Amino acid sequence: MRIEQLGDRVPEVAVVGSIHGDEPCGRDGIEAVLADPPEVNTPVKFIIANEAALEANQRYLDTDLNRSFPGDADSESHETRLAVELAAELQDCTVLSLHSTQSYEGLFALVDDLTSEMEELCSALSVDAVVQTKGANEGRLFATVDSVVEVECGYQGSAEAAENAEKVIREFLAATGVTAGPPLQRDDPLPVFQLGEPIPKAAADQYEVFVRNFEQVPEGDPVAAADDETVVAEEPFHPILLSANGYEDVFGFTADRIGLLD
Ligand SMILES: [Zn+2]
């Protein structure tokens, strides 16, 4: 875990990148900001979380760090130990955690609960949507630290994801008052979704998805296929984090659209 800071005193704002080692955009976005640092009014800490997994270009060495919180300092798992250290660093901070996916090229935010603090924060980030994960947070950073917004920055390993990460870090610093610039003013209202159930994926040689993330799937439409076995929508829903090969045993998740943020 590498920790850097801009400004003096104890930070109440933190940016975390590369909790997953196969998502270099967080590290790259942080390094780009540190290479061209903004003037800060209040201190901010930057953490490149899972350096060992980054080095190995693996999502994790032993266990998924974002399923390992609150962690255990005596564990044999690298990530279970790291979770304790990372949670301690972030405990009293408002946190931006940067991720990337195999499912969506744009940016979107995830929050545990869309409190007024999180509404204000998400409204000042150039994301396409906000996903509330309430009720599905076991082991995630959300379960351990109170004020966290996660942003998915685009496709894993892409140059765009790294550029998006840098952009969203700078927007987050303005939104939290770390930097003086006015927070981003969005033109469009921001759709809000509640995360639902995982869409299970059977073991197969070939996987396919037929629908687009965040766009409503009507009841009865084919969603995805594992070899010849097609998954059909039992009721209308909005797919989230849906991809053919992103996860081992799920295609992605269902979600309900629950509102708009102005
Ligand atoms: Zn991730």
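What counts, and at which threshold
Just so you know, the residues in each chain are numbered from 1, in the order the chain's sequence is written. Local features in this predicted model are restricted to residues of pLDDT 70 or higher, and side-chain atom pairs are both shown and tallied only at a pLDDT of 80 or more, whereas totals for entire chains, interfaces and linings draw on every residue. Just so you know, side-chain values use all the structure's heavy atoms and leave hydrogens and water out. UniProt positions are given in the numbering used here, feature names are shortened, and annotations may be inferred rather than shown by experiment. Helix and strand assignments come from DSSP, with helices taken as H or I runs of at least 4 residues and strands as E runs of at least 2, each series counted from the N terminus. Categorising residues by exposure relies on relative accessible area from a 1.4 Å probe, with only protein chains included: less than 20% of the type maximum marks a residue as buried, more than 50% marks it as exposed, and the intermediate range marks it as partly exposed. Where each domain starts and ends comes from a domain assignment, either automatic or drawn from a database. The contact rule is simple, with two residues in contact once any of their heavy atoms fall within 4.5 Å. Here the quantity called buried area is the accessible surface, traced with a 1.4 Å probe, that two parts lose on coming together, added over both. Only one rule defines a salt bridge in this text: a Lys or Arg side-chain nitrogen within 4 Å of an Asp or Glu carboxyl oxygen. Two N or O atoms count as a polar contact when they lie within 3.5 Å, although within protein this holds only if one can serve as hydrogen donor and the other as acceptor, and sequence-adjacent residues are included solely when both atoms are side-chain atoms. Any residue that is not Ala, Val, Leu, Ile, Met, Phe, Trp, Tyr, Cys, Pro, Asp, Glu, Lys or Arg is counted as polar, Gly included; the first ten are nonpolar and the last four charged. Two strands pair under a simple rule: DSSP has to find at least two bridges between them. A donor here means any N, O or S atom no more than 2.8 Å from the metal (3.2 Å for Na, K and Ca); water is not included, so a site may seem to lack partners. All geometry calls rest on donor angles, where a four-donor set with angles between 85 and 135 degrees is tetrahedral, four- and six-donor sets with opposite donors more than 155 degrees apart and all others between 65 and 115 are square planar and octahedral, and all else is irregular. For helices, the fitted axis covers only the stretch in contact; all axes are lines through C-alpha atoms, and the angles between them, taken along N-to-C directions, range from 0 to 180 degrees. Any angle between 65 and 115 degrees counts as roughly perpendicular, while under 35 counts as roughly parallel, over 145 as roughly antiparallel, and the rest as oblique. For any pair of crossing helices, the crossing counts as left-handed if the nearer helix is rotated counterclockwise from the farther one by less than a right angle, and right-handed if it is rotated clockwise.

The name an unreviewed UniProt entry gives the protein is Succinylglutamate desuccinylase, with Haloarcula mannanilytica as the organism. Entered under Cofactor (unreviewed entry) in the UniProt record, the comment concerning the protein runs "Zn(2+)".

**Description of the environment of Q185**
Positionally, Q185 belongs in the loop between α5 (159–175) and β8 (190–200). By relative accessible area, which is 68% here, Q185 ends up exposed. The sequence separation of Q185 and S75 amounts to 110 residues, and the corresponding C-alpha distance is 45 Å.

**Some points on the UniProt feature "domain: Succinylglutamate desuccinylase/Aspartoacylase catalytic" (unreviewed entry) in the protein**
UniProt tags residues 10–172 as "domain: Succinylglutamate desuccinylase/Aspartoacylase catalytic" (unreviewed entry). A helix fraction of 32% and a strand fraction of 21% characterise residues 10–172, whose end C-alpha atoms lie 18 Å from each other.

**A short note on the domain arrangement of the protein**
Taken domain by domain, the protein holds domain 1 (2–175) and domain 2 (197–254). Between the C-alpha centres of domain 1 and domain 2 the distance comes to 27 Å. Taken together, the eight residues of domain 1 in the interface contact eight residues of domain 2. Counting the surface lost from both domain 1 and domain 2, the interface buries some 670 Å², and carbon and sulfur atoms represent 74% of this. Inspection of the region where domain 1 meets domain 2 yields zero salt bridges. Between domain 1 and domain 2 we count one residue pair in polar contact (both at pLDDT 80 or more) in total. For the side of domain 1 that touches domain 2, a count of residues per class yields four nonpolar, three polar and one charged.

**Comments concerning the pairing of strand β10 (residues 222–226)**
Most of β10 is tucked away: four of the five residues are buried. One ladder, built from three bridges, connects strand β9 (residues 207–209) with β10; its direction is antiparallel. Bridge pairing in β10 places V209 opposite A224. Here β10 runs beside strand β11 (residues 229–232); their pairing, made up of four bridges, is antiparallel. In the strand pairing of β11, A225 is matched with T230.

**Looking at the coordination of the zinc ion**
Around the zinc ion, the protein supplies H20 (ND1), E23 (OE), E23 (OE) and H99 (ND1) as donor atoms, at distances of 2.0 to 2.4 Å. Seen from the zinc ion, its four donor atoms lie at angles of 55 to 152 degrees, and the figure they make is irregular. On the primary sequence, the residues serving as donors to the zinc ion are separated as H-x2-E-x75-H. With E23 in the loop between β2 (13–17) and α1 (25–35) and H99 in strand β4 (residues 94–101), this residue pair connects regions lying 76 residues apart in the sequence.

**Some words on the sheet that holds strand β6 (residues 130–132)**
Here we have ten strands laid out as an open sheet, ordered β1-β3-β2-β4-β7-β5-β6-β8-β13-β12, and mixed in their pairing. At either margin of the open sheet sits one strand with a lone partner, and together these are β1 (2–6) and β12 (238–240). Direction aside, the axes of adjacent strands within the sheet are offset by 30 degrees on average. Pairing between β2 and β4: five bridges, direction parallel. Residue pairing for β4: V16 is matched across the bridge by S97. Where α1 meets the sheet, it contacts β1, β2, β3 (44–48), β4 and β7 (147–155), and its direction lies at approximately 140 degrees from that of β3. Those strands touched by α5 are β2, β3, β4 and β7, and its axis lies near 150 degrees from that of β7.

**A few points about the packing of α1 against α5**
Where α1 meets α5, the axes come as close as 8 Å, and the angle between the chain directions of the two elements is 55 degrees. Taken together, α1 and α5 sit at an angle that is classed as oblique. Both α1 and α5 take part in a crossing whose hand is right-handed. Counted together, C25, D28, G29, I30, A32 and V33 of α1 and A161, A162, A165, E166, I169 and R170 of α5 form the full contact between these two elements. Taken together, the residues that form the contact of α1 with α5 break down as eight nonpolar, one polar and three charged.

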